[in-house]
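# Remarks on the overall topology
This is what each chain is made of:
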Amino acid sequence: MDRNERKTRIGKVVSDKMDKTVVVAVERLVQHPLYKKAMKQTIKFKAHDENNECHTGDTVEIMETRPLSKEKRWRVVTVIQKAQ
């Protein structure tokens, strides 16, 4: 992995109530430490959405960036799929 390569994640928008900010839930599978069963783990990220183009239910790609506010360290790169 390159030194300057930024992390990217794909997730679903769960909130778009803020101005220029969306909350993106990213789901991943992790193995239970004792029982070895696959579990879904959901992490929420606050991401910058400059043009307010994302809405609840959209699938988006987010990329790591410099801190934009107290909790916002990601930005929306593309909207992969609009919500129906």
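One can find the structure itself at the top, above this paragraph.
A brief structural summary.

Cut-off values and rules
Residues numbered from 1 in each chain as written. Predicted model: local features only at pLDDT ≥ 70, side-chain atom pairs only at ≥ 80, totals over all residues. Heavy atoms only, no water. Pairing = 2+ DSSP bridges. Helix = DSSP H or I, 4+ residues; strand = E, 2+ residues; numbered from the N terminus. Axes fitted to C-alpha atoms, helices over the stretch in contact; angles between N-to-C directions. Phe/Tyr/Trp six-rings, centres within 6.5 Å; stacked < 30°, edge-to-face > 60°. Buried < 20%, exposed > 50% of the residue type's maximum accessible area, 1.4 Å probe, protein only. Contact = heavy atoms within 4.5 Å. Core = buried A, V, L, I, M, F, W, Y, C linked by side-chain atoms within 4.5 Å. Salt bridge = Lys/Arg side-chain N within 4 Å of Asp/Glu carboxyl O.

### Here's the deal with the sheet that holds strand S3 (residues 38–48)
Strand order in the closed barrel made by the 5 strands is S1-S2-S3-S5-S4, with mixed pairing throughout. Mean inter-strand twist for the sheet, computed between neighbouring axes without regard to direction, equals 50°. Alignment of strand S1 (residues 8–15) against strand S4 (residues 59–64), held across 5 bridges, turns out to be antiparallel. Looking at S4, one finds that Lys-12 is bridged to Thr-59.

### Re the packing of aromatic side chains
Counted by the stated rule, this structure contains 1 aromatic pair. When the centroid spacing of 4.7 Å and the interplanar angle of 50° are considered together, the rings of Phe-45 and Trp-74 count as tilted. Here the residue Phe-45 occupies a position in strand S3, and Trp-74 occupies one in strand S5 (residues 72–81), the gap between them amounting to 29 residues.

### Remarks on the side chain of Ser-15
Along the chain, the position of Ser-15 falls in strand S1. Classification of Ser-15 as buried rests on a relative accessible area of 18%. Excluding anything up to four places from it in sequence, Ser-15 contacts Val-22, Val-23 and Thr-56.

### Describing the nonpolar core
One broad rule of soluble globular proteins: the nonpolar side chains tend to lie buried together. In terms of nonpolar packing, the biggest core is built from 11 residues, these being Val-13, Val-22, Val-24, Val-26, Phe-45, Ala-47, Cys-54, Val-60, Ile-62, Trp-74 and Val-76. Sorting the residues of this core by element identifies strand S2 (21–31), S3, S4 and S5 as the ones contributing at least two each. Examining the composition of this core, we find that 3 residues originate from one element, S2, more than from any other. Setting aside chain neighbours within four positions, we find Val-76 in contact with Val-22, Ala-47, His-48, Asp-49, Cys-54, Val-60, Glu-61 and Ile-62.

### What to know about the environment of Glu-64
Along the chain, Glu-64 turns up in strand S4. Taking the C-alpha atoms as reference points, Glu-64 and Arg-75, 11 residues apart in sequence, are found 6.6 Å from one another. In this structure Glu-64 touches Arg-6, Lys-7, Arg-73 and Trp-74, once residues within four positions along its chain are discounted.

### Regarding the pattern of salt bridges
One side chain can pair with another of opposite charge once the charged atoms of both are near each other. Under the criterion given, the structure shown has 4 salt bridges. Its salt-bridge partner being Lys-7, residue Glu-64 comes within 3.9 Å of it at the nearest N-O pair. Separated by 57 residues along the polypeptide, Glu-64 in strand S4 and Lys-7 in the segment before S1 bring together distant segments of the chain. Since its relative accessible area comes to 29%, Glu-64 is described here as partly exposed. Notably, a salt bridge pairs Lys-46 with Glu-71, separated by 2.8 Å at the nearest N-O pair. You can see Lys-46 sitting in strand S3 and its partner Glu-71 sitting in the loop between S4 and S5, a full 25 residues away along the chain.

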